Amino acid sequence: MQAQSFSRLLAPLAPVHDRHESFSPTLLTLLKEQGVWLAVHGRAGARPRLAVQCAWAEALAAACPATAILVQSQMTLAHTLALGGTPSGLALVEDMRRGVITGWGLTEAEAGSDVLSMRSTATLDGDSYVINGSKRFISNAGMAAQYLVFARTAPEHSSRAISGFLVAADAEGLSIPRHERKLGLRACPTGDLVLDAVRVGADALVGGIGDGVGLALKTLQWSRPLIGAVGLGIARGAYESLRDLIESEPGGLSVLTGARQDDGHRVADLVIEIAAARALLYDVARRADEAGTLPAIWEASASKTFCSDLAMRVVCEALAIGGRAAVKPGAPLERYFRDAKVTQIFEGTNQIQRNAIVKNLPSFSGEAQLAPEQSTVLGKPAAGMPPTRPGETP
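Rules of the game
Throughout this document, residue positions are counted from 1 along each chain, in the order its sequence is written. This being a predicted model, a pLDDT of at least 70 is required before a residue's local features are given, and a value of 80 or more before pairs of side-chain atoms are given or counted; all residues contribute to the totals for chains, interfaces and linings. The side-chain numbers reported here are obtained from all heavy atoms of the structure, hydrogens and water having been left aside. The way it works is that DSSP assigns letters per residue, a run of H or I at least four long becomes a helix, a run of E at least two long becomes a strand, and they are numbered from the N terminus. Type-normalised accessible area, obtained with a 1.4 Å probe on protein chains alone, sets the label of each residue: buried when under 20%, exposed when over 50%, and partly exposed for intermediate values. Here, a strand pair is defined by DSSP locating no fewer than two bridges between the strands. Side-chain rings of Phe, Tyr and Trp, where Trp is taken by its six-membered ring, are said to pair if the distance between their centres is within 6.5 Å; with planes under 30 degrees apart they count as stacked, over 60 as edge-to-face, and otherwise as tilted. Distance and angle both matter: a charge sits over a ring if NZ of Lys or CZ of Arg is within 6 Å of the ring centre and within 35 degrees of the ring normal. Only the contacting stretch of a helix is used when fitting its axis, a line to C-alpha atoms as for every element, and angles between N-to-C directions run 0 to 180 degrees. Note on convention: the crossing is left-handed when the near helix lies turned anticlockwise from the far helix by less than a right angle, right-handed when the turn is clockwise. Only heavy atoms matter for contacts: two residues are in contact if any of them lie within 4.5 Å across the pair. Amino acid classes used here: Ala, Val, Leu, Ile, Met, Phe, Trp, Tyr, Cys and Pro are nonpolar; Asp, Glu, Lys and Arg are charged; the rest, including Gly, are polar. In what follows, salt bridge is the name for a side-chain nitrogen of Lys or Arg lying within 4 Å of a carboxyl oxygen of Asp or Glu.

Caption draft 1: Focus on unusual backbone geometry. Its identity as a non-glycine residue notwithstanding, glutamate 21 has a phi of 55°, on the positive side. With respect to the secondary-structure elements, glutamate 21 resides in the loop between helix H2 (14-20) and helix H3 (25-33). The exposure class assigned to glutamate 21 is partly exposed, which follows from its relative accessible area of 30%. The phi torsion at asparagine 140 lies on the positive side, around 65°, for a residue other than glycine. Turning to its location among the elements, asparagine 140 is positioned in the loop between strand E3 (128-139) and strand E4 (146-152).

Following this line, the structure appears as structure tokens:
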């Protein structure tokens, strides 16, 4: 699989990215040369497949969560631009297939989960819009060539009062006064975006006037499973690091059925939970792909919540089982621990996800939709575990 092959190239770069708190030029070159952008965005004019994008996010996160978030941010933004359907947005998607990086400008200091509290404004002035305001926690700040900025185009507290605009990074009046120093995902540049009388043409509008909230919410139905895939990848990477750590010690993995049987049971629980998370995530993604629709709101929230909570749970267990060798500075598990937490927070906190599920409670009374020929995830052993061979006793 291309994603798994690329993750092996990526793994040696992960500690370098974390230590230097920036992406290496080597990574950006590899993303282009290895065809990653074409693979995740799909062919021009074709609808990207959520299951394929989730597989990429998982594989990248297992090696380097920061790189996974960089790629996930581009998959998410391309989806928003495609939903908007405007010529400038669709042209930018073509540029993104060639590796142009974009940024997402939604969150503000006083408008996180409550988007309608946004204060940034875009005022029509002749045949252009003048944007004023500031944004917080903006991914790819200083790295992006363009930003999708959301701003208020009407004064009322309404879902039709916000619109999205493309703003070039070199636009007059746009500045990035500071970058965040973060616990995890250190290579991902995250900062404030200040817009001081930034003027953009009417063709910078993505979608129509007042479409901003709708675009953002529909995007979240796509992006939340992708964040779930990042969480799943972190869980998988932490499990594999723990497995390698135990295997390198005297007695190897056999100690898990002997002197450390209690730890063995804990590792078994991790395998069970990772397999369950994969089953949920790829079931949601594949059914959305087959139907040609977005995942149901509750399913998007459930996959993000379950997989990101799993990431923290697996990393914490792996640190406890791994002991001193697992927590020393520079150890993979130490980095996974720092990277995992934010997956429970961005794209809507997991508390917000649970609210969304409660507001859209499903019914499970219908017949289960079984598709054995597509159950490839369930048919695979957990990452790092060998397949059962004919004649073997499980």
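Read on, since the account is not over.
Caption draft 2: Region of the structure containing the pairing of strand E7 (residues 190-201). Looking at chain direction, E3 and E7 are connected through nine bridges and run antiparallel. Looking at E7, one finds that isoleucine 131 is bridged to valine 198. Here two bridges tie strand E6 (residues 174-175) to E7, and the two strands are oriented antiparallel to one another. Bridging across to E7, leucine 174 finds its partner in leucine 195.

Caption draft 3: Highlighting the packing of aromatic side chains. Counting across every chain of the model gives four aromatic pairs. Between the aromatic rings of tyrosine 129 and phenylalanine 165, the centroid separation amounts to 5.0 Å while the plane-to-plane angle is 50°, which identifies the pairing as tilted. With tyrosine 129 in strand E3 and phenylalanine 165 in strand E5 (residues 162-168), this pair connects stretches of sequence that are 36 residues apart. Seen from their ring centres, tryptophan 298 and phenylalanine 364 are 5.7 Å apart, and the 90° between their planes marks the pair as edge-to-face. A residue pair is termed long-range when its members are at least 10 positions apart, and tryptophan 298 in helix H10 (residues 297-322) and phenylalanine 364 in the loop between helix H13 (350-359) and helix H14 (376-379) qualify at 66 residues. Against the face of tyrosine 336 rests arginine 335, its NZ or CZ located 5.4 Å from the ring centre.

Caption draft 4: The packing of H10 against H13, seen in detail. At their nearest, the axes of H10 and H13 sit 9 Å apart, and the two run at 145° to each other. Judged by the twist between their axes, the crossing of H10 over H13 is left-handed. Between H10, through Ile297, Trp298, Ser301, Ala302, Lys304, Thr305, Ser308 and Asp309, and H13, the contact on the second element is made entirely by Asn350, Gln353, Arg354, Ala356 and Ile357. For the contact of H10 with H13, the class distribution of residues is five nonpolar, five polar and three charged.

Caption draft 5: Here's a closer look at the pattern of salt bridges. Enumeration over the complete set of coordinates arrives at 24 salt bridges. Two residues, glutamate 240 and arginine 236, come together in a salt bridge whose shortest N-O distance is 3.5 Å. A residue pair is termed a helical-turn pair when its members lie 3 or 4 positions apart in one helix, as glutamate 240 and arginine 236 do in helix H8 (residues 212-248) at four residues. Arginine 236 gets classed as buried once you look at its relative accessible area, which sits at 7%. Two residues, arginine 266 and glutamate 317, come together in a salt bridge whose shortest N-O distance is 3.0 Å. Of the two residues, arginine 266 sits in helix H9 (residues 261-291) while glutamate 317 sits in helix H10, which places them 51 residues apart along the sequence. Note on arginine 266: relative accessible area 25%, which makes it partly exposed. Each of the salt bridges in this network shares a partner with another, and the network as a whole consists of Glu249, Arg260, Asp263, Arg266 and Glu317.

This is a description of form; function is not addressed.
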